[in-house]
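Examining the three-dimensional arrangement
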Amino acid sequence: DLTGIIRSRVGGFRGKLIPGFVLNALERLIHQDELNEVLEKTYPKEGAEFAAGVYDYFNVTLKPVGMENIPSGGRFIFASNHPLGGLDGIGLIALLGKKYGDEGIRFLVNDMLMNVEPLRPEFLPVNKYGSQGRGAARAINDAYASDRQIIIFPAGLCSRLGDNGEVRDLKWNKSFIAKAVEYKRDIIPVHFIGENSQRFYKTARRRKKLGLRINIEQALLPSELCNARGKDFTVVFGKPIPWQSLIFAGKPQAAIAEDIKNTVYSLSDTNFSNVPVSLY
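Starting from 1, residues in each chain are numbered consecutively following that chain's sequence as written. Residues qualify for local features only when their pLDDT is at least 70, as the model is predicted, and side-chain atom pairs are given and counted only at 80 or more; totals for whole chains, interfaces and linings, by contrast, use all residues. Water and hydrogen atoms were dropped before computing side-chain values, which therefore reflect all heavy atoms in the structure.

1. Comments concerning the pairing of strand S2 (residues 76-80)
S2 sits mainly inside the fold: 5 of its 5 residues count as buried. Of the two faces of S2, the one carrying Phe 76, Phe 78 and Ser 80 and the one carrying Ile 77 and Ala 79 are both buried. Strand pairing follows a simple DSSP-based rule, namely that at least 2 bridges must link the two strands. The secondary structure listing takes helices from DSSP runs of H or I that are at least 4 residues long and strands from runs of E that are at least 2 residues long, numbered from the N terminus. Sheet topology note: the S2/strand S8 (residues 186-193) ladder contains 5 bridges and is parallel. Counterpart to Phe 76 in the pairing with S8 is Asp 186. As judged from the 3 bridges shared by S2 and strand S5 (residues 149-152), these two strands associate in the parallel manner. Among the inter-strand pairings, Phe 78 is bridged to a residue of S5, identified as Ile 151. Burial classes follow relative accessibility: with a 1.4 Å probe on protein chains only, a residue under 20% of its type's maximum area counts as buried, one over 50% as exposed, and anything between as partly exposed.

2. Structural notes on the confidence of the model for the protein chain
For every residue, the pLDDT score states the predictor's confidence, bounded by 0 at the bottom and 100 at the top. Mean pLDDT over the protein chain: 92, with 95% of residues reaching 70 or higher. Considering only residues more than four positions removed or in separate chains, one finds that residues 276-280, a stretch of pLDDT under 50, has 15 contacts. Residues are treated as being in contact if the distance between any of their heavy atoms lies within 4.5 Å.

3. A look at helix H9 (residues 198-209)
Expected span, for any helix, means 1.5 Å times one less than how many residues it has. Counted at 1.5 Å a residue, the expected span for H9 with its 12 residues is 16 Å, and the 16 Å between its end C-alpha atoms agrees. Looking at H9, one finds that the buried residues are Phe 200, Tyr 201, Thr 203, Ala 204 and Arg 207. Around the axis of H9, the buried residues are gathered within 160° of arc, so they sit on the same side. More than 90 degrees from the buried face of H9, the exposed residues found are Arg 206 and Lys 209. Those residues of H9 that are buried are in contact with strand S6 (160-161), strand S7 (167-168) and helix H10 (221-226). Just past H9, the residue Gly 211 takes up positive phi, approximately 75°. The directions considered for the arc run from the helix axis to the C-beta atoms.

4. With respect to a nonpolar patch on the surface
Any residue with relative accessible area above 30% and no salt bridge may belong to a patch, with like charges joined within 9 Å and the nonpolar Val, Leu, Ile, Met, Phe, Trp and Tyr side chains within 5 Å. Methods summary: accessible areas were calculated by the Shrake-Rupley approach with a probe of 1.4 Å, and residue burial reflects only the protein chains presented. Whenever a carboxyl oxygen of Asp or Glu lies within 4 Å of a side-chain nitrogen of Lys or Arg, that contact is scored as a salt bridge. A cluster of nonpolar side chains, Leu 210, Leu 212, Ile 214 and Ile 216, forms an exposed patch at the surface whose accessible area comes to about 430 Å². Structurally, Ile 216 can be placed in the loop between H9 and H10.

5. Quick notes on the nonpolar core
Note on terminology: a nonpolar core comprises buried Ala, Val, Leu, Ile, Met, Phe, Trp, Tyr and Cys residues joined through side-chain atoms within 4.5 Å. In terms of nonpolar packing, the biggest core is built from 37 residues, with Leu 87 and Phe 237 touching the most fellow members. When contributions to this core are tallied by element, the ones reaching two or more residues are helix H5 (47-57), S2, helix H6 (87-100), strand S3 (105-110), S8, H10 and strand S9 (232-237). Top element by residues in this core is H6. It accounts for 7 residues. One finds Leu 108, Trp 172, Phe 176 and Ala 257 within the second-largest nonpolar core, a separate group that totals 22 residues.

6. Quick word on the packing of aromatic side chains
Ring pairs shown here join Phe, Tyr and Trp side chains whose ring centres sit within 6.5 Å, with only the six-membered ring taken for Trp; geometry is labelled stacked below 30 degrees between planes, edge-to-face above 60, and tilted in between. One pass over the full model with this rule turns up 10 aromatic pairs. Geometrically, the ring pair formed by Trp 172 and Phe 176 is edge-to-face, given 5.7 Å between the ring centres and 75° between the ring planes. With relative accessibility at 0%, the residue Phe 176 sits in the buried group. Between Phe 192 and Phe 233, the ring centres sit 5.8 Å apart and the planes meet at 45°, which makes this aromatic pair tilted. On the criterion of sequence distance, the pair formed by Phe 192 in strand S8 and Phe 233 in strand S9 is long-range, its members being 41 residues apart. Of the residues examined, Phe 192 reaches a relative accessible area of 1% and is grouped as buried. By relative accessible area, Phe 233 is classed as buried at 6%. Grouped by ring-pair contacts, the aromatic residues Phe 76, Phe 78, Tyr 100 and Phe 237 constitute a single cluster. Working rule: Lys NZ or Arg CZ, within 6 Å of ring centre, within 35 degrees of ring normal, means a charge sits over the ring. Between Lys 99 and the ring centre of Tyr 100, over which it is positioned, the NZ or CZ distance is 5.5 Å.

Quick look at the structure:
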């Protein structure tokens with residue numbers, strides 16, 4: 001219910017001043033009716049079962065590669081690139097939720113995604129446009145201290161098209177390095193192979209050239225999800241990076257985060273060409 005969400009976040013009299021035609025246009029832009037149909041078709045599924053149901057609804061195939069690199073025991077931070085803005089996160093929940101159980105994973109996400117109720121138990125909300133509440137910050141630290149597996153997109157935003165024509169994440173936030181050391185968690189690099197449409201990347205570049213700070217291209221991400229119908233994606237899991245190595249790297253944490261980002265992009269399904277895989 002985008003209208004309800006926006007008006008509640010803006011609040012009070014200002015929320016009521018937003019013209020109805022603007023809200024209706026936004027509802028069409030984000031494919032609200034189709035997204036609600038997904039929720040209806042997958043109800044009452046939750047967690048990994050719901051995530052798999054979304055893939056089934058859109059007839060999307062996800063091929064996991066390198067899952068043998070994930071040790072049978074241990075507490076990890078799964079650090080992934082963020083190419084799609086929707087199906088990548090849903091796919092990781094489907095795979096890792098199936099492996100560890102819904103209670104065994106927590107995913108750091110934009111707090112707006114808490115409106116997706118079937119995935120709410122797996123989500124840890126991060127307020128990207130305001131101060132992080134004490135309760136939310138405490139919940140994040142409690143999750144890192146627990147035995148649950150943590151999933152994170154260190155870039156925060158999904159990938160963009162660079163001047164060299166390559167689609168890559170923006171700068172990775174170094175905070176996951178600090179958390180790995182503090183809570184003694186090895187990091188598993190994850191490369192989700194996929195891209196959005198040129199429409200998304202061109203909109204982002206035009207917005208940047210105009211000097212607009214509002215991330216208007218984010219409104220296109222639901223349509224990117226809906227337009228992915230029938231596509232195939234691959235997600236590659238690399239070998240764990242010991243948390244102790246982060247201490248002795250002799251580099252600033254921002255540089256280590258960049259190194260791990262480069263490690264993620266060095267992973268591909270061709271690295272595991274002789275390893276049998278199964279289609280999820």
